[in-house]
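Close look at the chain arrangement
The residues making up each chain are set out below.
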Amino acid sequence: MKDSNFLKEHNAKSLWHPMAHPGDSLANPPAIITSAQGVKITDVDGHEVVDAVGGLWNVNLGFSCQPVKDAIAAQLDVLPYYSTFRGTTNDQVIQLAEELRKFFAPDGLTRAFFTSGGSDSVETALRLARQYHKIRGEAGRTKFLSLKKGYHGTHMGGASVNGNANFRTQYEPLLPGCHHIPAPYAYRNPFNETDPARLAQFCLQALEDEIAFQGAGTIAAFIMEPVLGAGGVIPPHSSFMPGVREICTKHGILLIADEVITAFGRTGSWTGSRHWGVQPDMMCTAKAITNGYFPFGAVMIADRMTEVFEKDTTGKAAIGHGYTYSGHPVGAAAALACLEETLRLNVPENAAARGTQIHEGLLALQQKYELIGDVRGGHGLMSAVELVSDRTTKAAADKASTGRLQEAAYKAGAMVRVSGPNIILSPPLVLSEAEAATILSALDAGLAAAG
Ligand code: PLP
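Residues numbered from 1 in each chain as written. Predicted model: local features only at pLDDT ≥ 70, side-chain atom pairs only at ≥ 80, totals over all residues. Heavy atoms only, no water.

What counts here: UniProt positions are given in the numbering used here, feature names are shortened, and annotations may be inferred rather than shown by experiment.
The protein appears in an unreviewed UniProt entry as Aminotransferase from Leisingera methylohalidivorans DSM 14336. Of the protein, the UniProt comment under Sequence similarities (unreviewed entry) reads exactly: "Belongs to the class-III pyridoxal-phosphate-dependent aminotransferase family." The UniProt entry for the protein carries the following comment under Cofactor (unreviewed entry): "pyridoxal 5'-phosphate".

Dropping the structure here:
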């Protein structure tokens, strides 16, 4: 392996990082991770920490899942690639679709369309939503509604339904006909409402109002994350997603659950939709479907839609969409092994227990540090603390203090993610009690350094 200085210099010279300023890499070199075991990662200087980011919300089973590695290696020997475009398929993807059909049956989802990742899954769902309405003779339903603070990847469609200006402004004009309603974010919202149940009702009313304003017959779908993730881990009140479902059904609007983060156990339930007792019309998945061992995703589709597509005799239902790597056999083999391990280990149970431990730990840290304005989580292993320079005005903490926090936490044993004023925790779901405690004590050290 090349030495640390060589790697840092060439990282800055030779590559651009997602979600980073290209001119910033030399002054602020990223951690160069060179190996990982269990839930721990080691950098080029030999420093080992608990990965409280879980790769990027995706390495739910940790980095040493032997059955997944074996499945990938075995599949590479037998069939490293074959396409699923019309006319061919492969044995692995068929088996995977069947296992996913069983897994997602309680969500009412019975067909899979495979992709190479989360952004692809979102793009697929948006396109299938429009096509569904066209097949049914409602070609005017082309618009999409979504939540402010929502994150739906970076393709043009996904960016258009994203609800965060950082991912939009420099790329406008985006897709026309995408409109956003306020998120059920109790710490800051236009209604000045701190009670989550009442806030949910305000947001649902905003959805009704927007539908009336746009005209229900112009709207194809509403897309939402069951728990907003990248926007700062914002779990809604339990009435919110069921309320959205009811409104969508009433107006003939499809509900797309973007579960790129939440599917496969992260919320402490098998899916985020199930967590809230909702059956969406489509569900976007990626990330933990292969735990980061292979780029892969799937959109799961409900009977209500599959019947319309499969019974079409006009030809309109022919799918003019797909990716070279849709149903990649190595990805499918990896996903089959991940699903088996996810079920065998009953990961939601541990996610719920460790999630509670971390949430309680964060609330205790909030008592200790004025810097913590808000603590969010309590639904499995996705948590955030929002840092403020003043609790009364809720002015966001500056970049220097979040930077100090991240650096000190890293030195003290945990990689945490900084996103604006939020510190986000999304560790592997196989985290032990002791490893969760390490994350909390490292964060404690980080907060002490940041203040
Ligand atoms: N949707 C959600 C909810 C996500 O959190 C992400 C990524 O974090 C995406 C979509 C995009 O996924 P990908 O980065 O795999 O394209």
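**Regarding the packing of helix H3 (residues 66–78) against helix H11 (residues 329–344)**
Here is the rule we go by: Under this scheme, a helix contributes an axis fitted over its contacting stretch, all axes are lines through C-alpha atoms, and angles between N-to-C directions fall in the 0 to 180 degree range. Helix and strand labels come from DSSP, where a helix needs a run of H or I of at least four residues and a strand needs a run of E of at least two; each type is numbered from the N terminus. An angle below 35 degrees is read as roughly parallel, one above 145 as roughly antiparallel, one from 65 to 115 as roughly perpendicular, and any other as oblique. By the definition used in this description, the sense in which the near helix is turned from the far one sets the handedness, with an anticlockwise turn below a right angle giving left-handed and a clockwise turn giving right-handed. Note on definitions: a residue-residue contact is assigned when non-hydrogen atoms from the two residues lie within 4.5 Å. In this count, Pro and Cys sit with the nonpolar residues alongside Ala, Val, Leu, Ile, Met, Phe, Trp and Tyr, while Asp, Glu, Lys and Arg are called charged and the others, Gly among them, polar.
At a minimum axis distance of 8 Å, the contact between H3 and H11 shows a crossing angle of 155°. Between H3 and H11, the interaxial angle falls into the category roughly antiparallel. Classified by chirality, the crossing of H11 by H3 is right-handed. Along the contact surface, H3 presents Pro67, Val68, Ala71, Ile72, Gln75 and Leu76, while H11 presents Pro329, Val330, Ala333, Ala334, Ala337, Cys338 and Glu341. Here the contact of H3 with H11 is built from residues that sort into 11 nonpolar, one polar and one charged.

**Comments concerning the site of the ligand**
Counted only if it meets this: Whether a residue is near a molecule or strand is decided by its heavy atoms; if any one of them lies within 4 Å of it, the residue is near. Here a polar contact means two N or O atoms within 3.5 Å. Within protein one must be a hydrogen donor candidate and the other an acceptor candidate, and residues neighboring in sequence count only if both atoms are side-chain atoms. Here the open area of atoms and residues is found with the Shrake-Rupley method and a 1.4 Å probe, where only the protein chains shown may cover a residue.
For the ligand, the full set of nearby residues is Gly117, Gly118, Ser119, Tyr151, His152, Gly153, Glu225, Asp258, Val260, Ile261 and Lys287. Between an oxygen atom of the ligand and a side-chain N or O atom of serine 119, the distance comes to 2.6 Å. At 2.7 Å from a nitrogen atom of the ligand is found a side-chain nitrogen or oxygen belonging to aspartate 258. Protein coverage of the free-state accessible area of the ligand, which is 390 Å², stands at 81%. Counted by class, the shell around the ligand contains three nonpolar, five polar and three charged residues.

**Overview of the sheet that holds strand S5 (residues 143–147)**
Applied cut-off: A pair of strands counts as paired when DSSP detects no fewer than two bridges linking them.
Spatially, the seven strands line up as an open sheet ordered S4-S10-S9-S8-S7-S5-S6, and their pairing is mixed. Sheet topology places strand S4 (109–115) and strand S6 (178–181) at the edges, where each strand pairs with a single neighbour. With direction set aside, neighbouring strand axes in the sheet form an average angle of 20°. Across four bridges, strand S7 (residues 219–224) lies against strand S8 (residues 254–258) in parallel orientation. Directly across from isoleucine 223, in S8, lies its bridge partner isoleucine 256.

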